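Chain and residue survey
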Amino acid sequence: MALIGYARVSTEDQATFSQLDDLRAAGCQVIFEEKASGANRARPELARAVARVGRGDILVVARIDRLARSLVHLLEVIERVEAVGGHFKSLRDPIDTSTPQGKFALQVLGAAAELERALIRERTKAGLRAAKARGRVGGNPGLRRRDPEAIRKLSALRDRQYMAELLATMDAWMPRVRAMRPANSWGKVARALGRLGSPDRPWTADRLSRAVRRLVSEGLAEPVLIEPAPRRPPRDDILLVIAGIKGADPDLSLRAVASRLEEMRIRAPRGGTSWSASSVKALLDRAERFGLVTPAVRGSQRKAPSE
C-alpha cells in the first residue's frame, strides 16, 4: 500500500507548505503539487496523482476542497480511484473510503451531489423562463457582436472542458490505446474502443488521434503512442492470386489485372475493392522478387503505373 498525496493552491501567491506538512506527517512519500483553481477540472498534476494510484493505494489530501470544489467533481475523482482498486482519504474530513464509516460518508455525499445537480437544473430552467418572459434574447452578447475577446474566452472555456473530459475518461480507454499503439493504425484502435469511455458516440480515428496527441502534449501519455503505425505488407495470398492471373495470360496489362482483381472483389492494400495500376505493379515486383512471377512471364508488360 502506498500513500499518494495531492496538494493544491489557487494562485501563485499562495503556498502549499501547511498541506505538505500534513501529508508528510500522514506518511505520504509521493506528493503532487499544483497551482490551479479548484473549479478547473483540467489539472495535469491531479491527473498524474490519480494515474499513480494502484490497487490498495490511497490518494490523500489535507482537505476535500483541495481536491474539488463541487461534489460532482469530487465523486468523479473518487470513482476513478476506486475503479483501479484504490482508496481516497481526506485528513481533516471524515472520509476514508478504506473504512465502512468513510464509505457511508461517501454515500451521503453522493446523495447531496444528486440534490445539487437537481437544484441547479431547476434554477437554470426558472432563469430561462423568467428571461424569456421579459423578452431577453439568450446567448452571449459578445459572441453575437463577434467580439474577439468573447470568442477567445469561449475558445479557452471549450478547451478546458475538452481537457476535463479527457482526464475524466482516460482511465477507461487509454490502457487499450497503450496496448495497441503504435503497432496498429488509429482506425483499428478506434474500432476496438467502440464507445469505451465515450458512451454518447463511438471513437473515430481522427478524434482518437487528437485526444492522444493532446495528452502527450500535456505530458500525460507517452510520445511513442503517436508515432506512425508501420505499413502492413499485403497478404501473401494476394501475391499468389496476382501471380496466377499474370501467369495465365502474360499479355494482360496492369489495368486489366486490376480489373480482374476488382471483379473478384479482392481488397486492395489500402482498403476497398478499387485497384490502381500502380498497386498491381508494386505487387508484381514483389511477386517477382519471391520467384512467383518470372521476368519472362512479365515480358514487355513492365508498364508505368499510369497506364
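Each remark here, short or long, concerns the structure printed above.
Along each chain, numbering runs from 1 in the same order as the chain's sequence is written. The predicted origin of the model limits local features to residues at a pLDDT of at least 70 and limits the giving and counting of side-chain atom pairs to 80 or more, whereas totals for whole chains, interfaces and linings rest on all residues. Only hydrogens and water are removed before side-chain values are computed, so all heavy atoms of the structure are retained for them.

**So, the overall build of the chain**
Within the chain, the secondary structure is distributed over 13 helices and 5 strands. Per-residue accessibility, obtained with a 1.4 Å probe over protein chains only, is compared with the maximum for each type, and a residue is labelled buried under 20%, exposed over 50%, and partly exposed between these values. Put simply, the chain has 307 residues, and 36% of those count as buried. Only heavy atoms enter the contact rule, under which two residues are in contact if any of them lie within 4.5 Å. Restricting the contact set of the chain to residue pairs at least 6 apart, pairs at least 24 apart contribute 61%. Where accessible areas are quoted, they stem from the Shrake-Rupley method and a 1.4 Å probe; at the residue level, only the protein chains shown are allowed to cover. Only carbon and sulfur atoms are counted for the fraction: they give 53% of the accessible area of the chain, which is about 17800 Å². Every helix listed is a DSSP run of H or I at least four residues long, and every strand listed is a run of E at least two residues long, numbered separately from the N terminus.

**Overview of helix 2 (residues 44–52)**
Those residues of helix 2 that sit buried are Leu46, Ala47, Ala49 and Val50. In a view along the axis of helix 2, the buried residues occupy a sector of 160°, so they form one face of it. In this structure, the buried side of helix 2 is in contact with strand 1 (3–9), strand 2 (30–35), strand 3 (58–61), helix 3 (64–67), helix 4 (71–83) and helix 7 (148–180). Here, the arc refers to the directions that run from the helix axis to the C-beta atoms.

**Side note on a nonpolar patch on the surface**
Patch membership requires over 30% relative accessible area and the absence of a salt bridge. Like charges are linked within 9 Å, and nonpolar side chains (Val, Leu, Ile, Met, Phe, Trp, Tyr) within 5 Å. The working definition used for a salt bridge is a side-chain nitrogen of Lys or Arg within 4 Å of a carboxyl oxygen of Asp or Glu. Together, Leu240, Phe290 and Leu292 make up a nonpolar patch on the protein surface, roughly 300 Å² of accessible area in all. Looking at where Leu240 falls in the secondary structure, it is placed in helix 10 (residues 236–248).

**Notes on the packing of aromatic side chains**
Only rings of Phe, Tyr and Trp enter the pairing, Trp through its six-membered ring, and a pair is recorded when the two centres are within 6.5 Å. The plane angle decides the type: under 30 degrees is stacked, over 60 is edge-to-face, the rest tilted. A full pass over the atoms with the stated rule returns 1 aromatic pair. For the ring pair Trp173 and Trp203, a centre distance of 4.9 Å and an interplane angle of 55° mean the geometry is tilted. Of this pair, Trp173 sits in helix 7 while Trp203 sits in the loop between helix 8 (186–193) and helix 9 (205–217), placing them 30 residues apart in sequence. The residues Trp173 and Trp203 share a single accessibility class, namely buried. Taking the ring centre of Trp203 as reference, the NZ or CZ of Arg207 above it sits at 4.4 Å. Throughout this description, the term charge over a ring refers to an Arg CZ or Lys NZ atom that lies within 6 Å of the ring centre and within 35 degrees of the ring normal.

**Some words on the environment of Leu91**
Positionally, Leu91 belongs in the loop between strand 4 (87–90) and strand 5 (95–96). Take Leu91: its relative accessible area is 30%, and that puts it in the partly exposed class. Taking C-alpha positions, Leu91 is 6.2 Å from Arg63, a pair spaced 28 residues apart along the chain. Beyond its immediate sequence surroundings of up to four residues, Leu91 is in contact with Asp22, Leu23, Ala26, Val60, Val61 and Ala62.

**Re the pairing of strand 4**
A regular strand places its side chains so that they alternate between the two faces of the sheet. Burial along strand 4 is one-sided: Phe88 and Ser90 are buried, and none of His87 and Lys89, which face the opposite way, are. Any two strands with at least two DSSP bridges between them are considered paired. Sheet topology places strand 3 next to strand 4; 4 bridges connect them, and they run parallel. Its bridge partner being in strand 4, Leu59 is matched across the sheet by Phe88. The hairpin formed by strand 4 and strand 5 contains 4 residues between the paired strands.

**Some points on the side chain of Arg80**
For Arg80, the position within the fold is in helix 4. Between N or O atoms, a polar contact is any pair within 3.5 Å; within protein, one atom must be a potential hydrogen donor and the other a potential acceptor, and residues adjacent in sequence are included only when both atoms are from side chains. Of note is the side chain of Arg80, whose polar atom sits 2.8 Å from the backbone oxygen of Leu167. When near neighbours in sequence (up to four residues on either side) are disregarded, Arg80 contacts Ala47, Val50, Leu167, Ala168 and Asp171.

**A closer look at the nonpolar core**
The term nonpolar core refers to a set of buried residues drawn from Ala, Val, Leu, Ile, Met, Phe, Trp, Tyr and Cys, joined through side-chain atoms within 4.5 Å. Counting residues in hydrophobic clusters, the biggest one holds 24 residues, and the most contacted among them are Trp173, Met174, Val177, Leu208, Val212 and Leu215. When contributions to this core are tallied by element, the ones reaching two or more residues are helix 7, helix 8 and helix 9. Looking at which element gives the most residues to this core, the answer is helix 7, with 9 residues. Counting 22 residues, the second-largest nonpolar core is a separate cluster that includes Phe32, Val61, Val81 and Leu109.

**So, the packing of helix 7 against helix 9**
Throughout, an axis means a line fitted to C-alpha atoms (over the contacting stretch in the case of helices), and angles, computed between N-to-C directions, take values from 0 to 180 degrees. For the pair helix 7 and helix 9, the least separation of the axes is 10 Å and the interaxial angle reads 100°. Between helix 7 and helix 9, the angle is such that the two are roughly perpendicular. Contacts between helix 7 and helix 9 involve Asp159, Tyr162, Met163, Leu166, Met170, Trp173, Met174 and Val177 from the first element and Leu208, Arg210, Ala211, Val212, Arg214 and Leu215 from the second. Of the residues assigned to the contact of helix 7 with helix 9, the class counts are 11 nonpolar, no polar and 3 charged. Angular relationships are summarised with four words: roughly parallel below 35 degrees, roughly antiparallel beyond 145, roughly perpendicular across 65 to 115, and oblique for the angles in between. Residue polarity is assigned by list, with Asp, Glu, Lys and Arg as charged and Ala, Val, Leu, Ile, Met, Phe, Trp, Tyr, Cys and Pro as nonpolar; anything else, Gly included, falls into the polar class.

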